[in-house]
Amino acid sequence: MQKKILKQFIEFGIARSIIVLFVIVLFILAILKDMQIAELISDSLARIGRNGILVLALLPGVRGGIGLNFGLPLGIICGLIGMLVGMEFDWTGLSGFVSALSIAGGLGVLAGWGYGVLLNKVKGQEMMVGTYVGFSIVSFMCLLWLLLPFSNPKLIWALGGKGLRVTISLADYYPKILDDFLSFSIFNVTIPFGSLLFFVLFCFFVSLFFRSRWGRAIAATGANAQFAKANGINPNQTRVWSAVLSTVLAAIGIVVYNQSFGFVQLYTAPLLMAFPIIACLLIGGAEVGRATITHVILGTVIFQTLLTIALPVTSAFIGGDISETARIIISNGIILYALAGVKGKTA
Amino acid sequence: MSLVLELKNISKSYNGNPVLKGISFALQKGEVRAVIGENGAGKSTLMNIIFGMPVIHQSGGFEGECLIDGHVVNFQKPQHAMAAGLGMVHQEFMLIPGLKVSENIKLNREPLSSKSFNRFLPGKLKVIDNEQIHKDSLKALQKVGMDLDPDQLIKGLSVGHLQFIEIAREVDHQNLKVLVFDEPTAVLTESEASQLLNTIRHLAKDLGIAVLFISHRLDEVKEIADTVTVLRDGELIGNYRCEDLDKKEMARLMVGRAVNIRRDQEQESPNARQNIMTLKNFSVRMPGENLQDIDLEIKQGEILGIGGLAGQGKLGLANGIAGLMPASGNVIFEGQAFSLNDPKQALQNGLGFLSEDRKQTGLLLDESITHNICFTASHVLGRFQNRFGLFDQKQGKEWAQKMIKDFDIRCTGPEQHTRRLSGGNQQKVCLARVITANPKLLFVSEPTRGVDIGAKKIILDFLRSLNQQGVTVVLTSSELSELRVLCDRIAIVASGKISEILLPEDSDERFGLAMAA
């Protein structure tokens, strides 16, 4: 019996189990401290809906054999441009949101294609190169945000300045358009129905995609490129597709993220975004070469809940705010843990 | 006679599943004992017990006694077993390519220099005596009958050489008493294999080392072993003197049913048939297996054998046609020009290809048997799709179940990942995948390499019945006996050319000469 429990524990992954236990302990502490549990849960749910699609964006990369997509900021930039274009023309509400998604998706295809071609030239180094692609594009865009001919006064610096602001409010456009869609409350917990639904729908589409011939070709390439080639698949092509898919999902993901967050953040904001997202997937139990929809959902739920409740609980006990530090330690630590090849199930 | 190794009533179970039941035998000085059995019969587990591999202790140890020189031993680590005089020659080579032959032979046992300053250096920093390494390894190489410069790098040596260096490394142990060979000839050509057998005989008879010889090739067992231990499903079927058994009897004891692989009589001369594929000036660039400007006609409905020694180019043909290795030349398939270097086109035109490299090219190791079997047909022909264009689990599973039954694939079910299957069963999955796509012309390379005799029979029988249904088969194999049993014609490849096309009835000398070319 003891052995069985231990075995289950190991299969679930020791790191993951510790983190889940930690979350539970935090909840107990929060109850002991008489904190607003309903509010904490509402915040957690909002964060889950906000980050879900970004985490999902990593899946095609892992499946397709390009590893964890550290080049996520590339897709994020595409999403930001998509939003800004619509905002420049004062497209608000649903039309603004949909236009942002479509422009973001279109740019994502182009950028992802180029990214995929680049990754084909550096096989085996995808994660390292991806990280630098992310850093480079963010820095490059820091210039462009200043130079692009945006003129809507809501977007550019006040008092006739030039260039886009660092943080732009979505209040006049489509704040929480998804979060508020059909949202409801039970036991004082607000359910951001639209965002969660959107996340679940995308998970569903992606899982269907990987049951199609196209998706299975991508997955086969990731599992064994030589096998794929022997079955008439061009591995270079499928690797490009997986980069495109990942980039497009990242672009859509940031639009969803920002509508919930309420602001568009430019300049260096996307720089380190890939890291906590990757940590999400890894906490869910994924490995560099293996990830499933379950990993995506589980990871998003565990990690986002942890971030939400760690902040108020720790500050209630310690007095200071160590949540940001904790976030960085946990997210980078879990990436290191996964990259070092510590495995749960397959070991 | 002195007993060096004795096993008494060894039993072992994993999680309550018995894998070995009451195995006993004794090994004398200078004796060669063959241990034979199908894959999964328990041979590897038995060796793991003798060597005290960690996997045994982690899973609760074993029952029974293991004696060396009359003393009961229970090794906790393989290093202890080696110190006690046991040695093992692995199936996969464990040599470091960037080091010299001599450095590999003496690795981790390097003699230390006798220079005076060496005394002052702490343990691991002591200087090594390179001259002694050279001398020792030369001696070890001579013992195994190998004329090789010990200063050469491992990199670039042939597979045959590597095997002998592995043996030399074990022989270099001063107190070597028992040497275990785990399918040593699986990767060797026939001439290398016979040299290896001579070496084993020399080690046993002249140096008095007891040998445990694990092999699937019964010819070799018959040739070299004094005694034979037969295992089946973890049970000891018996210990026999080798001269009391013939090959048929051995095979029967191993599988528990008579194995009979024989060729049917030819009805029609293959030369009278039409060509299904014609190759002109066909060249393939495949590292170690180049083909240069060959001409070849493949007849409709025949089984064409491609034989030859390793490294001569016989594997290049199938890989070139399948589009996995860059090829050039003129190829006509069913009267139409055939586009080379296009694997997809090849598959769509009705070609099938079973690669010699099972794990790298043949399988998705972390996917289910169902996905593996259905992959080619689903991807190339669009089968196993439901009306939304998605993979149809139910249809795929049904088909996989049928294949599992037809090929007798030993597994826990169609959902099992192929990584967990034994070599023979993996090969059956590969073959099932290839034929699910209904090929008209099937290229099969080394289908029985590393496969036990039961699976081998199923695979070869299946190829013949496929051929009787009208599929043309091109069978590439290093086992000449297999080619002669199955094929209508056998093309022998030597130095990247086809040296001769022979009939299976032709004499051994003609085959030998063609291979040497």
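Thresholds, definitions, all that
Residues numbered from 1 in each chain as written. Chains lettered and ligands numbered in written order. Predicted model: local features only at pLDDT ≥ 70, side-chain atom pairs only at ≥ 80, totals over all residues. Helix = DSSP H or I, 4+ residues; strand = E, 2+ residues; numbered from the N terminus. Rg over C-alpha atoms; globule rule 2.2 N^0.38 Å. Contact = placed C-beta atoms within 7 Å. Buried ≥ 20, exposed ≤ 12 C-beta atoms within 10 Å, placed from the backbone. Pairing = 2+ DSSP bridges. Axes fitted to C-alpha atoms, helices over the stretch in contact; angles between N-to-C directions. Domains from an automatic or database assignment. Core = buried A, V, L, I, M, F, W, Y, C linked by C-beta atoms within 7 Å. Nonpolar A, V, L, I, M, F, W, Y, C, P; charged D, E, K, R; others polar. Parallel < 35°, antiparallel > 145°, perpendicular 65-115°, else oblique. Left-handed = near helix turned anticlockwise from the far one by under 90°. pLDDT = per-residue confidence, 0-100.

Quick look at the overall build of chain A
The secondary structure content of chain A amounts to 14 helices and 4 strands. Relative to a compact globule of 347 residues, whose C-alpha radius of gyration would be 20 Å, chain A shows 21 Å and is just as compact. With the principal axes as the frame, chain A shows a C-alpha extent of 70 × 60 × 35 Å. Expressed as a percentage of contacts within chain A between residues at least 6 apart in sequence, the contacts between residues at least 24 apart total 75%.

Notes on the environment of V127(B)
Residues and elements named next belong to chain B. With respect to the helices and strands, V127 occurs in the loop between helix 4 (101–105) and helix 5 (130–143). Owing to 13 C-beta atoms within 10 Å, V127 belongs among the partly exposed residues under this scheme. The residues touching V127, leaving out its near neighbours within four places in the chain, are L112, S113, K115, N118 and L121.

Some details on the pairing of strand 16 (residues 351–354) of chain B
All names here are of chain B. Neither face of strand 16 is left uncovered, since the one carrying L351 and F353 and the one carrying G352 and L354 both have all their residues buried. For strand 16 and strand 17 (residues 441–445), the ladder comprises 4 bridges, and the chain directions are parallel. Paired with L354 across the strands is V444, a residue of strand 17.

Structural notes on the sheet that holds strand 12 (residues 291–299) of chain B
All names here are of chain B. As summarised here, the arrangement of the 4 strands in space is 12-11-14-15, forming an open sheet in which the pairing is antiparallel. Since the sheet does not close on itself, it has two edges, and those belong to strand 12 and strand 15 (336–337), each with one partner. Here strand 11 (residues 275–284) runs beside strand 12; their pairing, made up of 6 bridges, is antiparallel. Directly across from L279, in strand 12, lies its bridge partner L296. Along the sheet, helix 10 (residues 314–321) contacts strand 11, strand 12 and strand 14 (327–333); its crossing angle with strand 11, the most-contacted strand, is approximately 110 degrees.

Looking at the domain arrangement of chain B
When the domains of chain B are assigned, the result is domain 1 (1–84 + 178–186 + 214–258), domain 2 (90–176) and domain 3 (273–516). Once you take the C-alpha centre of each, domain 2 of chain B and domain 3 of chain B turn out to be 40 Å apart.

Brief notes about the nonpolar core
For soluble globular proteins, the rule of thumb is that nonpolar side chains tend to be buried together. Judged by nonpolar contacts, the single largest core of 176 residues is most densely connected at L56(A), L58(A), F443(B) and L475(B). Ranked by the residues each element gives to this core, the list is headed by helix 11 (residues 235–261) of chain A, at 13 residues. Beyond its immediate chain neighbours, meaning those up to four positions away, L475(B) contacts I303(B), G305(B), I306(B), V444(B), L463(B), L483(B), L486(B) and C487(B). Listed in part, the 65 residues of the second largest apolar core include A41(B), A210(B), V211(B) and L212(B).

Details of the interface of chain A and chain B
Each partner contributes to the interface: chain A provides 16 residues, whereas chain B provides 23 residues. Those elements that place two or more of their residues in the side of chain A that touches chain B are helix 9 (213–223) and helix 10 (225–230) of chain A. Tallied by class, residues from the side of chain A that touches chain B come to 7 nonpolar, 5 polar and 4 charged.

A look at the packing of helix 9 of chain A against helix 13 (residues 369–381) of chain B
The description of two packed helices rests on the angle between their axes and on the distance between the axes. Helix 13 of chain B packs onto helix 9 of chain A with a crossing angle of 130 degrees between their chain directions and a minimal axis gap of 10 Å. Relative to helix 13 of chain B, the element helix 9 of chain A lies oblique. The interaxial crossing formed by helix 9 of chain A with helix 13 of chain B has left-handed handedness. Facing R213(A), R216(A), A217(A) and A220(A) of helix 9 of chain A, the residues of helix 13 of chain B in contact are F375(B), S378(B) and H379(B). Considered class by class, the residues forming the contact of helix 9 of chain A with helix 13 of chain B number 3 nonpolar, 2 polar and 2 charged.

Considering the sheet that holds strand 18 (residues 472–476) of chain B
As a general point, the strands of a sheet are linked pairwise by backbone hydrogen bonds and lie either parallel or antiparallel. All names here are of chain B. One open sheet accounts for 6 strands, arranged 16-17-18-13-19-20; its pairing is mixed. Looking at the sheet topology across the chains shown, the edges are occupied by strand 16 and strand 20 (497–502). If you compare each strand with its neighbour and ignore which way they point, the axes differ by 20 degrees on average. Pairing between strand 13 (residues 303–307) and strand 18: 4 bridges, direction parallel. Paired with G305 across the bridge in strand 18 is L475. This element, helix 10, spans strand 13, strand 16, strand 17, strand 18 and strand 19 (489–494) of the sheet and lies at about 135 degrees to strand 18.

A short note on the confidence of the model for chain B
Segments scoring low in pLDDT should not have their predicted coordinates read at a detailed level. Residues and elements named next belong to chain B. Mean pLDDT over chain B: 84, with 94% of residues reaching 70 or higher. In this model residues 258–262 is a low-confidence stretch, pLDDT under 50, and it forms 9 contacts with partners more than four residues away in sequence or in other chains. Scored by ipTM, the complex comes to 0.79, with pTM at 0.72.

Quick look at unusual backbone geometry
All names here are of chain A. Even without being a glycine, L182 presents a positive backbone phi close to 55 degrees. Looking at where L182 falls in the secondary structure, it is placed in the loop between strand 1 (167–169) and strand 2 (184–186). Judged by C-beta crowding, with 11 C-beta atoms within 10 Å, L182 ranks as exposed. The backbone phi angle of F187 is positive, close to 50 degrees, even though this residue is not glycine. Of note, F187 is situated in the loop between strand 2 and strand 3 (189–191).

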